[in-house]
Amino acid sequence: MRITVSGLPGSGTTSLSRYLAERHGFSMISAGEVFRQLAREHNMELARFGNLARQDPSYDKMIDARQKEIAQKRDDIIVEGRLSGWMVDGADLKVWLYAPIGCRIQRIATRDNVADEKTAAALTLEREQCEADRYRSYYSIDISDLSIYHIILNSEHWGVEGLGAIIDTAIARLKPDETR
């Protein structure tokens, strides 16, 4: 089984992906974690590193190609990332997590140790616009087009366990009935 989990920054994709990987014994690959690691290695904030990636597409394309390659070679994998739903051909389940901007800003300010929510909002909105521009430029993908996803969930309403329970049910319904 191949599952993709996508959403905008702060929507909870990494938390849900970790939950699903642990619960189902799947491996997980996270484009966001790879991108954050690269930003740290370059001693840059995410928004600034995103602008560097905008100038040099090799960063994004390397992450995207690696994620796609790993997903195509493995079974029982969770592929987490903004573009994973677009990049993983034939995924059994494509999930998009939504959360309102205010909710996401609070999460990002806490997660990334940003001094205040106003700064977190500015950095997040800049990052989102930068990413949307890059995806459109590199792949002709409109990140706001959610028509490719099987399930869209609002992560403001449920914690990771609640979201996980919904996806657990979907996974159970997708698995072939072994009693037939």
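What you see is a predicted model, and the numbers here were worked out from it, not measured in a lab.

In this structure, what is going on with the packing of helix α2 (residues 31-41) against helix α4 (residues 58-73)? I would like to understand it.
The N-to-C vectors of α2 and α4 enclose an angle of 145°; their axes lie 10 Å apart at closest approach. In terms of crossing hand, the pair formed by α2 and α4 is right-handed. Two secondary-structure elements touch here, α2 through Ala31, Val34, Phe35 and Leu38 and α4 through Asp60, Met62, Ile63 and Gln67. Across the contact of α2 with α4, the residue classes tally to six nonpolar, one polar and one charged.

Can you walk me through the nonpolar core in this structure?
Grouped burial of nonpolar side chains is what soluble globular proteins tend to show. Judged by nonpolar contacts, the single largest core of 18 residues is most densely connected at Ile3, Val5, Leu16, Leu20, Leu93 and Ile167. Contributions of two or more residues to this core are made by β1 (2-7), α1 (13-24), β4 (93-98), β5 (151-154) and α8 (160-174). Other than its neighbours up to four places away in sequence, Leu93 contacts Arg2, Ile3, Thr4, His150, Ile151, Ile167, Ala170, Ile171 and Leu174. If you look at the next biggest cluster of nonpolar residues, it comprises nine residues, including Ala31, Phe35, Phe49 and Tyr59.

Explain the pairing of strand β3 (residues 77-80) here, please?
Alternating positions in β3 separate into two faces, Ile77 and Val79 on one and Ile78 and Glu80 on the other, with burial throughout. The pairing of β1 with β3 spans four bridges and is parallel. Within the sheet, the bridge partner assigned to Ile3 lies in β3 and is Ile78. By the bridge criterion, four bridges tie strand β2 (residues 27-30) to β3 in an arrangement that is parallel.

I keep staring at α1 and nothing clicks. Help me out?
The periodicity of an α-helix, 3.6 residues per turn, causes residues three or four places apart in sequence to face the same way. For α1, spanning twelve residues, the distance from its first C-alpha to its last is 16 Å, which sits close to the expected 16 Å at 1.5 Å a residue. Within the span of α1, buried status applies to Thr13, Thr14, Leu16, Ser17, Tyr19, Leu20 and Ala21. For α1, the secondary structure elements touched by its buried residues are β1, β2, α2, β3, β4 and α8. Just downstream of α1 lies Gly25, where phi reads positive at about 70°.

Calculation notes
- Residues numbered from 1 in each chain as written.
- Predicted model: local features only at pLDDT ≥ 70, side-chain atom pairs only at ≥ 80, totals over all residues.
- Heavy atoms only, no water.
- Axes fitted to C-alpha atoms, helices over the stretch in contact; angles between N-to-C directions.
- Helix = DSSP H or I, 4+ residues; strand = E, 2+ residues; numbered from the N terminus.
- Left-handed = near helix turned anticlockwise from the far one by under 90°.
- Contact = heavy atoms within 4.5 Å.
- Nonpolar A, V, L, I, M, F, W, Y, C, P; charged D, E, K, R; others polar.
- Core = buried A, V, L, I, M, F, W, Y, C linked by side-chain atoms within 4.5 Å.
- Buried < 20%, exposed > 50% of the residue type's maximum accessible area, 1.4 Å probe, protein only.
- Pairing = 2+ DSSP bridges.
- Expected span 1.5 Å × (residues − 1).

Geometry only, nothing functional implied.
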